[in-house]
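Working through the structure, step by step
The lines below spell out each chain.
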Amino acid sequence: DAGVTQTPRHEVAEKGQTIILKCEPVSGHNDLFWYRQTKIQGLELLSYFRSKSLMEDGGAFKDRFKAEMLNSSFSTLKIQPTEPKDSAVYLCASSPGAYAEQFFGPGTRLTVL
Amino acid sequence: SQWGEENLQALSIQEGEDVTMNCSYKTYTTVVHWYRQDSGRGPALIILIRSNEREKRSGRLRATLDTSSQSSSLSITAAQCEDTAVYFCATDEKGRALIFGTGTTVSVSP
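Below is a short write-up of the structure. Treat the numbers as computed from the prediction; the structure is a model and nothing was measured.

1. Digging into the layout of surface pockets
Here the largest pocket is characterised by a volume of approximately 740 Å³. As for the largest pocket, its lining consists of 29 residues, of which Q37, K39 and R109 of chain A together with Q37 and V86 of chain B are closest to the centre. When grouped by side-chain class, the residues that make up the lining of the largest pocket number eight nonpolar, 16 polar and five charged.

2. Topic: the pattern of salt bridges
Applying the stated criterion across every chain yields a total of 11 salt bridges over all chains. Linking K85 of chain A and E83 of chain A is a salt bridge whose minimum nitrogen-to-oxygen distance equals 3.5 Å. Between E53 of chain B and K56 of chain B there is a salt bridge, with its nearest N and O atoms 4.0 Å apart. With a relative accessible area of 23%, E53 of chain B lands in the partly exposed category. When its relative accessible area of 30% is taken as the criterion, K56 of chain B is described as partly exposed. Beyond isolated ion pairs, a larger network of salt bridges with shared partners links R36, E44, R64, E83, K85 and D86 of chain A.

3. Quick notes on the sheet that holds strand β8 (residues 74-79) of chain A
All names here are of chain A. The strand order β1-β3-β8-β7 describes an open sheet built from four strands, whose pairing is antiparallel. Two strands bound the open sheet, and with one partner strand each, they are β1 (5-7) and β7 (65-71). When the angles between neighbouring strand axes are averaged without regard to direction, this sheet yields 20°. Pairing of strand β3 (residues 19-24) with β8 involves five bridges; the strand directions are antiparallel. Counted as the bridge partner of I20 is K78 from β8.

4. Digging into unusual backbone geometry
Excluding glycine, residues mostly have negative phi values, and the peptide bonds linking residues are mostly trans. Residue and element names in this part refer to chain A. Cis geometry is adopted by the peptide bond preceding P8, which originates at T7 and carries an omega value of -10°. Within the secondary structure layout, P8 lies in the loop between β1 and β2 (10-13). The residue after Q80, namely P81, is reached through a cis peptide bond having omega -15°. Secondary-structure assignment places P81 in the loop between β8 and β9 (88-95). Not every positive phi belongs to a glycine, and S51 is a case in point at roughly 45°. Along the chain, S51 falls in the loop between β5 (42-50) and β6 (53-57).

5. Focus on the state of the cysteines
All names here are of chain B. This model, assessed by the stated rule, comprises two disulfides over all chains. A disulfide bridge connects C23 with C89, and the sulfur atoms are separated by 1.7 Å. The chirality of the disulfide connecting C23 with C89 is left-handed, given an S-S dihedral of about -90°. Of this pair, C23 sits in strand β2 (residues 19-24) while C89 sits in strand β8 (residues 85-91); the two residues are 66 residues apart in sequence, bridging distant segments of the chain. Pair check on accessibility: C23 and C89 agree, each one buried.

6. Overview of the interface of chain B and chain A
Between chain B and chain A, the contact holds 20 residues from the first and 17 residues from the second. Both sides together, the interface formed by chain B and chain A hides about 1,500 Å², and carbon and sulfur atoms give 55% of it. Linking chain B to chain A there are five residue pairs in polar contact (both at pLDDT 80 or more). Within the residue set of the side of chain B that touches chain A, elements represented by two or more residues are β3 (31-37) and β4 (44-50) of chain B. At four residues, β3 of chain B tops the list of elements feeding residues into the side of chain B that touches chain A. Broken down by class, the residue content of the side of chain B that touches chain A amounts to nine nonpolar, six polar and five charged.

7. What about the pairing of strand β5 (residues 55-58) of chain B?
Residues and elements named next belong to chain B. Direction of pairing for β5 relative to strand β6 (residues 61-66): antiparallel, over a ladder of four bridges. Each residue of the ladder has a partner; that of E55, found in β6, is T64. What sits between β5 and β6 in their antiparallel hairpin is a turn of two residues, with G59 showing a positive phi close to 60°.

8. Looking at empty space enclosed by the protein
Residues and elements named next belong to chain A. Under the counting rule described, the total for this entry stands at one cavity of 30 Å³ or more. For the largest cavity, the calculated volume is near 60 Å³. Counting only elements with at least two residues in the lining of the largest cavity, the list comes to β4 (31-38) and β5. A per-class count over the lining of the largest cavity returns seven nonpolar, three polar and four charged.

The rules behind the values
Residues numbered from 1 in each chain as written. Chains lettered and ligands numbered in written order. Predicted model: local features only at pLDDT ≥ 70, side-chain atom pairs only at ≥ 80, totals over all residues. Heavy atoms only, no water. 1 Å grid on protein atoms, 1.4 Å probe; cavity = no way out; pocket = protein on both sides within 12 Å on 5 of 7 lines; lining within 4 Å. Points joined across faces, edges and corners; volume = space filled by probe spheres on them. Nonpolar A, V, L, I, M, F, W, Y, C, P; charged D, E, K, R; others polar. Salt bridge = Lys/Arg side-chain N within 4 Å of Asp/Glu carboxyl O. Buried < 20%, exposed > 50% of the residue type's maximum accessible area, 1.4 Å probe, protein only. Pairing = 2+ DSSP bridges. Helix = DSSP H or I, 4+ residues; strand = E, 2+ residues; numbered from the N terminus. Axes fitted to C-alpha atoms, helices over the stretch in contact; angles between N-to-C directions. Disulfide = S-S within 2.5 Å. Contact = heavy atoms within 4.5 Å. Buried area = accessible area lost by both parts, 1.4 Å probe. Polar contact = N/O pair within 3.5 Å; in protein donor to acceptor, adjacent residues only side chain to side chain.

Encoded structure:
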């Protein structure tokens, strides 16, 4: 079984650009999560979907960050416009459901110049 | 914040030593997850301990959960160099996404 895949693995953007990160969850998983990881803040939740419905939306990230689940096997995270403080690793995870293990992708390292 | 007193940020030990890291949490949780993250990779689950369990073992790993004090610990026995990683605990509040602690960096040297 394939794990969670994320593309691209690395992204470099100029300030003000729009970038789209992609995630394919484990087949059959109902829950999908987007996190931002930095050394200082650790893992911060950006969005949480259950059966394609948005369940939680990280309050601090609402204005420029938008995650979507176009179907049960594909999700995108759009950052528009990017700012240098958005430089971080963006992780996607999926899970069979509540209280279950989360399976993480390898992450996308975003650098905003 | 979900977490009370934070984990130790970093631990450095020698191979063969035992190490324990702790997490505390503020709200009820059904399970405590412990994840390990290697450099350049996403976190991976190593132990999941439920609220009706006091202790869970997996190889050289041992997790404990004390619901009365709302705390959990992860111990590694006879650490090896390949145990070098960042370890996270996370709580699972019903219907919500996992809430992760800040992580403990464990460095094991030969």
